[in-house]
Amino acid sequence: MKIALDVSPLQSGHKVRGVGSYVTYLKKAILAYFPENEYIFFENKKDIPNNVDLVHYPYFDPFFLSLPLIKKHKTVVTVHDLIPLVFPDHFPAGLKGMLRWQIQKYNLRHVDALITQSEASKNDIMRIVAIPEEKISVAYLAADAVFKKNNITRVHKAEMRKKYKLPEEFLLYVGDVTWNKNIPLLLNAVKDINVSLVMVGKALVSENVDETNVWNNDIIEAQKLAKENSKVQRLGFLPADDLIALYNLATAFVFPSIYEGFGLPVIEAMQSGCPVITTREGSLEEVAGDAAYYFDGFSKESLSEVIMHVMHSKELRKELKEKGFAQAKKFNWRKTAEETMAVYQRALQK
């Protein structure tokens, strides 16, 4: 097969988000496990050769024209989630956005196959876009193999604690700050119970945030709450080595999201031996299985209670670590690549 894969998300703000990770690891995996194919990695639709067998767009935005209006090749699209359409009151599109959505929806209905990363997202696509089930395939994501439980030396631990001024015990959050991430609830909960929280993510330290954009409301509130609490540290975007060390050093990883298409940091944490606290919303229970300690994502009191329970129980943390290792093994990039290649084959046979 001659396959063209859109890698343009790696040249935008998506590079440091889940979409960027997906494109990076998918590219790496298909090259490693299916070297017999010929691959074209393009950033501009104009650069797609006419003789390719299939084009894969690994990113879909409902409010921007990310798909071609005229389909010249067999086409596969990855729809990570439709969160802005599931919760339109919290992600208003405006008139232009809704007009673009009508175009994007039309284009999406006419592609040859869709890939998504959870049954939860698959159900959203079927309901919102009215695409038949047989046209949608679920290919779960996976964490990079570099995320693992390390035998960190005392010297290394001391260096990391000094570099980031880490307390002996702390909760860790890794991710973006949008309404569905539920970050204000997390910050209010840790303030009430007086525990330390280390936060990793570019949005948490972004400056000159557009306060007129409703989509940024939670960034503004989260930054305000974090500044008011001396036990909250915002580290911004970190290199992989430092992030791995943080997963290893944290007392627990907390992911308070009330909706996810997948939730990759959950698997990164589990693979790194960090106990996970999260909700059952969206895809999260589907991804975390019985390896997480769950709380009610709409209750600050529920989160506070769960955090205290996990932080005060070595036995519970040990149990969560062991279950986390087992759960994380269910996800790997070879499997993702194989499932993606199977979708390519089915699209070509249509």
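Reference entry: report on the structure contained in this document. Values in this document were obtained by computation on a predicted structure and should not be read as measured data. (Residues numbered from 1 in each chain as written. Predicted model: local features only at pLDDT ≥ 70, side-chain atom pairs only at ≥ 80, totals over all residues. Heavy atoms only, no water.)

So, the overall build of the chain
As a reminder, the rule being used: The secondary structure listing takes helices from DSSP runs of H or I that are at least 4 residues long and strands from runs of E that are at least 2 residues long, numbered from the N terminus. Classification of residues uses two cut-offs on accessible area relative to the type maximum, computed with a 1.4 Å probe and protein chains only: under 20% is buried, over 50% is exposed, and between them is partly exposed. In this description, contact between two residues means that some pair of their heavy atoms is separated by no more than 4.5 Å. Surface exposure here means Shrake-Rupley accessible area, sampled with a 1.4 Å probe, where a residue is shielded only by the protein chains that are shown.
Regarding its fold elements, the chain presents 13 helices and 12 strands. Oriented by its inertia axes, the alpha-carbon framework of the chain measures out at about 60 × 45 × 35 Å. Considering the chain as a whole, with its 350 residues, one finds that 56% of them fall into the buried category. At a minimum sequence separation of 6, the contacts of the chain that also span at least 24 residues come to 69%. Looking at the chain as shown, the accessible area adds up to about 16,400 Å², and 50% of this sits on carbon and sulfur atoms.

Points about helix 6 (residues 183-193)
Residues three or four positions apart in an α-helix share a direction because the helix packs 3.6 residues into each turn. Most of helix 6 is tucked away: eight of the 11 residues are buried. Buried within helix 6 we find I183, P184, L185, L186, L187, A189, V190 and I193. Elements in contact with the buried residues of helix 6: strand 7 (171-174), strand 8 (197-200), helix 7 (217-227), strand 9 (232-236), strand 10 (252-255) and helix 11 (300-311). At the C-terminal side of helix 6, N194 shows a positive phi close to 60°.

Observations concerning the packing of aromatic side chains
To be explicit about the condition: Centres within 6.5 Å make a pair out of two Phe, Tyr or Trp rings, where for Trp the six-membered ring is used; the pair is then stacked when the planes are under 30 degrees apart, edge-to-face when over 60, and tilted otherwise.
Applying the stated criterion across every chain, the model contains 17 aromatic pairs. Aromatic side chains F87 and Y259 sit 5.3 Å apart centroid to centroid with 75° between the ring planes, which places their arrangement in the edge-to-face category. Taken together, the residues span a long stretch of sequence, with F87 in the loop between helix 2 (83-86) and helix 3 (94-109) and Y259 in the loop between strand 10 and helix 9 (264-271) at a distance of 172 residues. Between the aromatic rings of Y140 and F262, the centroid separation amounts to 6.2 Å while the plane-to-plane angle is 50°, which identifies the pairing as tilted. Of this pair, Y140 sits in the loop between strand 6 (136-138) and helix 5 (154-164) while F262 is found in the loop between strand 10 and helix 9, placing the two residues 122 residues apart along the sequence. Residue classification places Y140 among the partly exposed positions, given a relative accessible area of 25%. Through a chain of ring-to-ring contacts, the aromatic side chains of F63, F87, F91, W179, W215 and Y259 assemble into a single cluster.

Let's talk about the pattern of salt bridges
Defined as follows: A side-chain nitrogen of Lys or Arg and a carboxyl oxygen of Asp or Glu constitute a salt bridge if their distance falls within 4 Å.
Using the criterion set out here, one finds 13 salt bridges in the structure. When the shortest N-O distance is used, the salt bridge between D112 and K74 registers 4.0 Å. Of the two residues, D112 sits in the loop between helix 3 and strand 5 (113-116) while K74 sits in strand 4 (residues 74-78), which places them 38 residues apart along the sequence. When the shortest N-O distance is used, the salt bridge between D242 and K163 registers 2.6 Å. Remark: K163 occurs in helix 5 and D242 occurs in helix 8 (residues 240-249); sequence separation between them is 79 residues.

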